Amino acid sequence: MATTRRVSSVLLRRINSPGILSSPSRVHHLLRQRPTPTTTTTILKTHRHFSSTPLFQNEALLHSERESDQVDVVIVGGGPAGLSAAIRLKQLANASNNDDFRVLLLEKAGDMGAHILSGAVIEPSALNELLPDWNSPDNPSRFEGATAVTSDRMRFLTKKMAIPMPGPPQMNNHGNYIISLNEMVKWLAERAEEVGVEVYPGFAASEVLYGPDGGVMGVATNDLGVGRDGKPKPSFERGMEFHARCTLFAEGCHGSLTKQVIKKFDLRRDSQPQTYGLGLKEVWEVKPENFVKGQVSHTLGWPLPNNTYGGSWMYHFGENKVSLGLVVGLDYPNPYLAPYSEFQRMKHHPFFSNILSGGKCISYGARALNEGGFQSIPKVAFPGGALIGDTAGFLNVPKIKGTHTSMKSGMLAAAATYSALTENTSGTVMLYSYEDALRDSSIWKELKEVRNMRPSFHNPLGLIGGILYSGLEAYILKGRVPWTLKHPCPDHATTLPTSHPSVQKIEYPKPDGVLSFDILTSVSRTGTNHEEDQPVHLRVKDWQAHAKKEFPRFDGLENRFCPAGVYEYVEDASKEEGIRFQINAQNCIHCKTCDIKAPSQDIEWTTPQGGEGPKYYLT
């Protein structure tokens, strides 16, 4: 049974601000969460009137006091981990008749699921535990987008051939489901609202708040209506603070606030650096005769070179829909390699083109993912909160799955949080029991067993050596060895300069507009939108100083690693280098690759105005 949600007056004023009201989809979702039509009418009459007085040119507005709301738990991020934690917290509170226990979830996307992208084949273990009737025919609210896996295929690709090869046991998908994670997150958000979670899309948490004792006491959302010059516009609305006794960060891979928390509390002191991959995905509607419902395919090899980790997938789901994509390890060394271009030429291989021929591409997206595994998991608990889901790095790389581990971590953190808050009514929360539960869980066992597979690809034989060692681990050793292989260095440090003798320039074929597409056509399929007149959220201190340092060494690396055409080097005779560095922030699809791969680590991804970015479909 759904519970009545208490919505504070300050939150309702924020909902009615010009910045929020400028997005119809956000208004529709937030209006549904208001307590009664009467309250709605009242609040609509009380939202502030904005005029073009000199006050709005006063930069002191940027530092004025923010309104705040006090809740029990605030969760940053509306993906599988954040929603699982929120649902479990309210399940525990409702079971104890604790109706006043407030759980508030903030999501930067304008609509729930709009920034979510994954393959995705899910192992349903965590979902079965959280919502046992999620797929039951007797449940009128069941998730209807699950396609049961019917077959597995593993292939090693050469330029023209697809050679069958055995897949590791971790990739056995019997009992698993192909889904659109984008659609499942929308469904999970509805389940969260039913149990009383306050779900607020379009609220981008941009600042961590710390209490007098140094512990985390919540987050603040970014200001709306700030111009590109950094000054308030007539539509300016100050950000809002959300104070909580416990804050759970579920930002996904390479979260911007998570980075700050990890650094402040030195959470990586006992772990290795995280390493990443970039996943690029398209969804196609194919001809019925090319569709094999429930078929799951994975490949290694071409088009990637032997010194670059990665592989592809192709999943048949729904009705005549095919999800396909390519993951490229961001520790690739050749600065001329372009993941987007590799993906586009991959589709011309007969293994893919035979399926896609006569079909239509209906969606595109890209997202970084954690590949570090067991040895890269940081400490997850800190004063006032914890890290959950992919922001902590629970992806099982050989299994190519992380949704079940992310959800499970959210549930474990929820149990620890509810216990801590109900047993101790004051003082800073420290979730030691979450750390302990994580180490006793299936997550820890699963990731420890496969810990050596991903780093094994750093060897003189490259891809072939990694496949051979991973096979030995998968079938015989099973993680029971006394050693743990290390990741050699962070991904940004692996890029070779163009002057290195081993670097060869790559000439990619032009897209044909049928199977392969130019990058701006693909970006148009993401639904990405950012207001142009706002501060650039991809922060580079000095654009031309960046160009002067990076262009001679890497010949425009940023233009190639970005899967959305955000970065350009434009010919400019007025500049000493003959080029200028340009950032097309409106194109950004929030993949975080630039923040990870930039060799000098001088590009910082930050949150734009809440509600902006991609609006993914079926991803």
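Here the structure is a predicted model, which is why all the values come from computation and not from measurement. (Residues numbered from 1 in each chain as written. Predicted model: local features only at pLDDT ≥ 70, side-chain atom pairs only at ≥ 80, totals over all residues. Heavy atoms only, no water.)

**As for the overall build of the protein chain**
We count it as follows: Numbering of helices and strands runs from the N terminus, with a helix taken as a DSSP run of H or I at least four residues long and a strand as a DSSP run of E at least two residues long. Each radius of gyration reported is based on C-alpha atoms, and the globular scaling rule is 2.2 Å times the count of residues to the power 0.38. The classification of residues rests on relative accessible area computed with a 1.4 Å probe and restricted to protein chains. Under 20% of the type maximum is buried, over 50% is exposed, and intermediate values are partly exposed. Every residue pair with non-hydrogen atoms within 4.5 Å of one another is taken to be in contact. In this charge count, Lys and Arg are treated as positive and Asp and Glu as negative; neither His nor the chain ends contribute. To locate a charge, take atom NZ for lysine, CZ for arginine, CG for aspartate or CD for glutamate.
Helix and strand counts for the protein chain come out as 18 helices and 24 strands. Expected size for 619 residues packed as a compact globule is a radius of gyration near 25 Å; at 24 Å, the protein chain falls within 12% of this value. A principal-axis box enclosing the C-alpha atoms of the protein chain has dimensions of 65 × 65 × 50 Å. When the 619 residues of the protein chain are sorted by exposure, 60% land in the buried category. Counting only contacts in the protein chain whose residues sit at least 6 apart along the sequence, the fraction spanning at least 24 positions is 78%. Both charge centroids of the protein chain, one from 65 positive and one from 64 negative side chains, sit 3 Å from each other.

**Observations concerning the nonpolar core**
The nonpolar side chains of a soluble globular protein tend to be buried, and buried together. In plain terms, the rule: By nonpolar core we mean a set of buried residues, namely Ala, Val, Leu, Ile, Met, Phe, Trp, Tyr and Cys, connected to one another through side-chain atoms within 4.5 Å.
Counting 83 residues, the largest nonpolar core has Ile75, Leu248, Phe249, Leu431 and Tyr434 as the members making the most contacts within it. If you tally residues by element for this core, the top one is helix H11 (residues 403-423), at nine residues. Other than its neighbours up to four places away in sequence, Leu431 contacts Cys246, Leu248, Ala381, Gly385, Ala386, Ala416, Thr417 and Ala420.

**Let's talk about the packing of H11 against helix H12 (residues 432-439)**
To keep it simple, the criterion reads: Helix axes are fitted only over the stretch in contact, all axes being lines through C-alpha atoms; the angle between N-to-C directions runs from 0 to 180 degrees. By definition, turning the near helix anticlockwise from the far helix through less than a right angle yields a left-handed crossing, and turning it clockwise yields a right-handed one.
Viewed as axis vectors pointing N to C, H11 and H12 meet at an angle of 140 degrees, and their least axial separation amounts to 8 Å. Once H11 is placed against H12, the crossing between them reads as right-handed. Side by side, H11 and H12 meet where Ser409, Leu412, Ala413 and Ala416 of the first sit next to Ser433, Tyr434, Ala437 and Leu438 of the second.

**What about the pattern of salt bridges?**
Pairs can form between side chains of opposite charge whenever their charged atoms are close. The criterion, for reference: When a carboxyl oxygen of Asp or Glu is within 4 Å of a side-chain nitrogen of Lys or Arg, the pair counts as a salt bridge.
Enumeration according to the criterion identifies 26 salt bridges in this entry. The partner of Asp223 in a salt bridge is Arg238, with the nearest N and O atoms 3.0 Å apart. With Asp223 in the loop between strand S10 (216-221) and strand S11 (224-226) and Arg238 in the loop between strand S12 (232-237) and strand S13 (241-249), this pair connects stretches of sequence that are 15 residues apart. What makes Asp223 buried here is its relative accessible area of 17%. Residue classification places Arg238 among the buried positions, given a relative accessible area of 16%. A salt bridge links Glu319 to Lys293; its shortest N-O distance comes to 2.8 Å. Of this pair, Glu319 sits in the loop between strand S16 (310-317) and strand S17 (321-329) while Lys293 sits in the loop between strand S14 (276-285) and strand S15 (295-301), placing them 26 residues apart in sequence.

**Regarding the sheet that holds strand S7 (residues 177-178)**
Defined as follows: For two strands to count as paired, DSSP must find a minimum of two bridges between them.
Overall, antiparallel pairing links the three strands, which are arranged S3-S7-S4 in an open sheet. Taken across any chain shown, the strands that pair with only one partner, and hence form the sheet edges, are strand S3 (121-122) and strand S4 (147-148).

**Quick look at the side chain of Arg66**
The criterion, for reference: Counting of polar contacts relies on pairs of N or O atoms within 3.5 Å, with two restrictions inside protein: one atom must be capable of donating a hydrogen and the other of accepting it, and residues adjacent in sequence are counted only when both atoms are side-chain atoms.
In this structure, Arg66 sits in the loop between helix H4 (37-46) and strand S1 (68-76). The class for Arg66 is buried, based on a relative accessible area of 15%. Among the polar contacts made by the side chain of Arg66, one reaches the side chain of Glu241 at a distance of 3.2 Å. Setting aside residues up to four positions removed in sequence, Arg66 forms contacts with Glu207, Leu209, Ala220, Arg238, Gly239, Met240 and Glu241.

**Quick notes on the side chain of His349**
Counting through the fold element by element, His349 comes out in the loop between helix H9 (339-346) and helix H10 (350-356). If sequence neighbours within four positions are ignored, His349 has contacts with Leu157, Thr158, Lys159, Lys160, Met161, Ala162 and Trp302.

**Let's talk about the environment of Met346**
For Met346, the location among the structural elements is in helix H9. What makes Met346 buried here is its relative accessible area of 0%. Separated by 21 residues in sequence, Met346 and Gly325 place their C-alpha atoms 9.3 Å apart. With residues near it in sequence (within four places) discarded, Met346 still touches Trp302, Pro303, Ser312, Leu324, Gly325, Leu326 and Phe352.

**Side note on helix H7 (residues 181-194)**
This is how the line gets drawn: By this rule the span expected of a helix is its residue count minus one, scaled by 1.5 Å.
Taking 1.5 Å per residue, 14 residues should reach 20 Å; H7 reaches 20 Å between its end C-alpha atoms and fits that length. Taken across its 14 residues, H7 has ten buried, putting it largely inside the fold. All of the buried residues in H7 are Leu181, Asn182, Met184, Val185, Trp187, Leu188, Ala189, Arg191, Ala192 and Glu193.

**Points about the packing of aromatic side chains**
Selection rule: Put simply, two rings from Phe, Tyr or Trp (the six-membered ring, in Trp's case) pair if the centres are within 6.5 Å, and we call them stacked under 30 degrees between planes, edge-to-face over 60, tilted for the rest. Criterion for a charge above a ring: Lys NZ or Arg CZ within 6 Å of the ring centre, and within 35 degrees of the ring normal.
Applying the stated rule across the entire model yields 18 aromatic pairs. Measuring from ring centre to ring centre gives 5.1 Å for Phe101 and Tyr418, while their planes differ by 70 degrees; the resulting arrangement is edge-to-face. A residue pair is termed long-range when its members are at least 10 positions apart, and Phe101 in the loop between helix H5 (80-95) and strand S2 (103-107) and Tyr418 in helix H11 qualify at 317 residues. Here Tyr418 falls in the buried class, since its relative accessible area comes to 10%. Taking the centre distance of 4.8 Å and the plane angle of 50 degrees together, the rings of Phe551 and Tyr569 count as tilted. Residue Phe551 is found in helix H16 (residues 543-554), and its partner Tyr569 is found in strand S22 (residues 567-571); the two are separated by 18 residues along the sequence. For Phe551, a relative accessible area of 23% translates into the label partly exposed. By way of ring pairs, the aromatic residues Phe551, Phe561, Tyr567, Tyr569 and Phe581 are connected into one cluster. The cationic tip of Lys347 hangs over the ring face of Phe343; the distance from NZ or CZ to the ring centre is 5.3 Å.

**Thoughts on unusual backbone geometry**
Looking along the chain, the bond that leaves Gly119 and enters Ala120 is cis, with omega of -5 degrees. Within the secondary structure layout, Ala120 lies in the loop between S2 and S3. Cis geometry is adopted by the peptide bond preceding Pro303, which originates at Trp302 and carries an omega value of 10 degrees. Located in the positive-phi region is Lys478, a residue other than glycine, with phi close to 50 degrees. The exposure class assigned to Lys478 is partly exposed, which follows from its relative accessible area of 38%. The backbone of Gln601 sits at a positive phi, close to 50 degrees, despite the residue not being glycine. By the secondary structure assignment, Gln601 is in the loop between helix H18 (593-597) and strand S24 (604-605).

**Considering the pairing of S13**
Here S13 lies mainly inside the structure; eight of its nine residues are buried. Where S10 meets S13, three bridges bridge the pair, whose relative direction is antiparallel. Paired with Ala220 across the two strands is Glu241, which belongs to S13. Sheet topology places S13 next to strand S20 (residues 385-387); three bridges connect them, and they run parallel. By the bridge assignment, Phe249 is partnered in S20 with Leu387.

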